[in-house]
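# Summary of structural features
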Amino acid sequence: MAIHTLFVTRLYEAVLDDAKLLTALAASSRQLALDDAAGRRWCRENGYPGYTSYASLNDLPRRDPDFGALAKLLAGHVAAFVKACHMAPAKRLRLDSLWVNILKPGGGHSGHIHPQSVVSGTLYLALPQGAAGLRLEDPRLPMLMAAPPRTPDAPPESRSFVTLQPEPGTLYLWESWLRHEVPQARGNGERISISFNFGAG
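Presented here is a report on the structure given in the accompanying data block. Every chain is numbered independently, its residues counted from 1 as its sequence is written. Given that this is a predicted model, residues contribute local features only at a pLDDT of at least 70 and side-chain atom pairs are listed and counted only at 80 or more, while totals for whole chains, interfaces and linings are drawn from all residues. In computing side-chain properties, one takes all heavy atoms of the structure into account and sets aside hydrogens as well as water.

A separate point is the overall build of the protein chain. Under the DSSP-based scheme used, a helix requires at least four consecutive residues in state H or I and a strand at least two consecutive residues in state E, with every element numbered from the N terminus. Counting its regular elements, the protein chain contains four helices and ten strands. Starting at the N terminus, the α and β elements of the protein chain follow one another as β-α-α-β-α-α-β-β-β-β-β-β-β-β. Computation of the radius of gyration draws on C-alpha atoms, with the globule rule given as 2.2 Å multiplied by the number of residues to the power 0.38. Radius of gyration (C-alpha) of the protein chain: 18 Å, near the 17 Å computed for a compact globule of 201 residues. Taken along its principal axes, the extent of the C-alpha atoms in the protein chain is 60 × 40 × 30 Å. Out of the 201 residues in the protein chain, the part that is buried amounts to 43%. Residue contacts follow a heavy-atom distance rule, with two residues in contact if any of their heavy atoms lie within 4.5 Å. For the protein chain, the proportion of contacts with a sequence separation of at least 24, taken over those separated by at least 6, is 85%. Counting 21 positive and 18 negative side-chain charges, the protein chain places the centres of these two groups 3 Å from one another. Note on classification: 1.4 Å probe, protein chains only; a residue is buried when its accessible area is under 20% of the maximum for its type, exposed when over 50%, partly exposed between these limits. Charge assignment: positive for Lys and Arg, negative for Asp and Glu; neither His nor the chain ends contribute. Every charge is mapped to an atom, namely NZ of Lys, CZ of Arg, CG of Asp or CD of Glu.

As structure tokens, this is what we get:
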């Protein structure tokens, strides 16, 4: 007999070990939270538990040279991920959005996908002890219907949910259709990350 593994969902993980860049990005992110009045207003109006530049600033790589340096690094990692996934996009994928997230203690981000993008990801800059990780959902979950639960010792590839616990400097990439969330944080400090999308447009 044979058991085959089909329809694999790939996750890319790397570590950016440029401490100077990571420190600069964290400082810039905190400064944005102070300076970006439109972003703070959007967060208040939409109940975002902290600060995000998602709805207010769409030019961070041009606005700040540290974000520009990050954009160049991300392009190389995305190219490696595209190759590993055997993707054949008609055009080279390009960064089409990049934003800062600062979650306060108790904050989280409900499950979602990133429509109109091909590859999405997050770089982690600050994670206080007890901070929530990144929870990924099996994309087949809505179709499992009568499927029984998995055993407690099931490996990650057989679970319905997998929670990753990044460290500062951790970079994750995934295909943008993969549903993900940030569970409610238990840490006492701010959880700072930079999220982004690459598309074929």
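Two side chains bearing opposite charge may form a pair once their charged atoms approach each other closely. What makes a salt bridge here is a side-chain nitrogen of Lys or Arg within 4 Å of a carboxyl oxygen of Asp or Glu, nothing more. The full count for this structure, using the stated rule, is five salt bridges. The residue Arg135 makes a salt bridge to Glu181 at a minimum N-O spacing of 3.0 Å. Of the two residues, Arg135 is situated in strand S6 (residues 134-137) and Glu181 in strand S9 (residues 180-182); the sequence distance between them amounts to 46 residues. Ionic pairing is found between Arg179 and Glu137, a salt bridge with its closest N-O pair at 3.3 Å. Of the two residues, Arg179 sits in the loop between strand S8 (170-175) and S9 while Glu137 sits in strand S6, which places them 42 residues apart along the sequence.

Strand pairing is defined by DSSP finding a minimum of two bridges between the two strands. Strand order in the open sheet formed by four strands is S4-S9-S6-S7, with antiparallel pairing between adjacent strands. With partners counted over all chains shown, the strands left at the sheet margins are strand S4 (109-112) and strand S7 (161-164), one partner each. Here the average twist between neighbouring strands, direction ignored, is 15 degrees. Here the axes come from fitting lines to C-alpha atoms, over the contacting stretch only for helices, and the angles between their N-to-C directions go from 0 to 180 degrees.

When S6 meets S7, the two strands line up antiparallel, connected through four bridges. Looking at the pairing, Leu136 lines up with Val162 of S7. Pairing of S6 with S9 involves two bridges; the strand directions are antiparallel. Counterpart to Arg135 in the pairing with S9 is Glu181.

Okay, the side chain of Asn197 next. In this fold, Asn197 is placed in strand S10 (residues 191-199). You can call Asn197 buried: its relative accessible area is 7%. Polar contact is the term for a pair of N or O atoms within 3.5 Å; when the atoms are in protein, one must be able to donate a hydrogen and the other to accept it, and sequence-neighboring residues count only if both atoms are side-chain atoms. Side-chain polar atoms of Asn197 contact the side chain of Ser120, separated by 2.6 Å. Excluding anything up to four places from it in sequence, Asn197 contacts Arg94, Leu95, Asp96, Ser97, Trp99, His114, Ser117, Val119 and Ser120.

Okay, unusual backbone geometry next. For Phe7, which is not glycine, the phi torsion reads 55 degrees and is therefore positive. Residue classification places Phe7 among the exposed residues on the basis of a relative accessible area of 80%. Here the phi dihedral of Gln116 falls at roughly 70 degrees; this positive angle occurs in a residue that is not glycine. Take Gln116: it is sitting in the loop between S4 and strand S5 (119-126).

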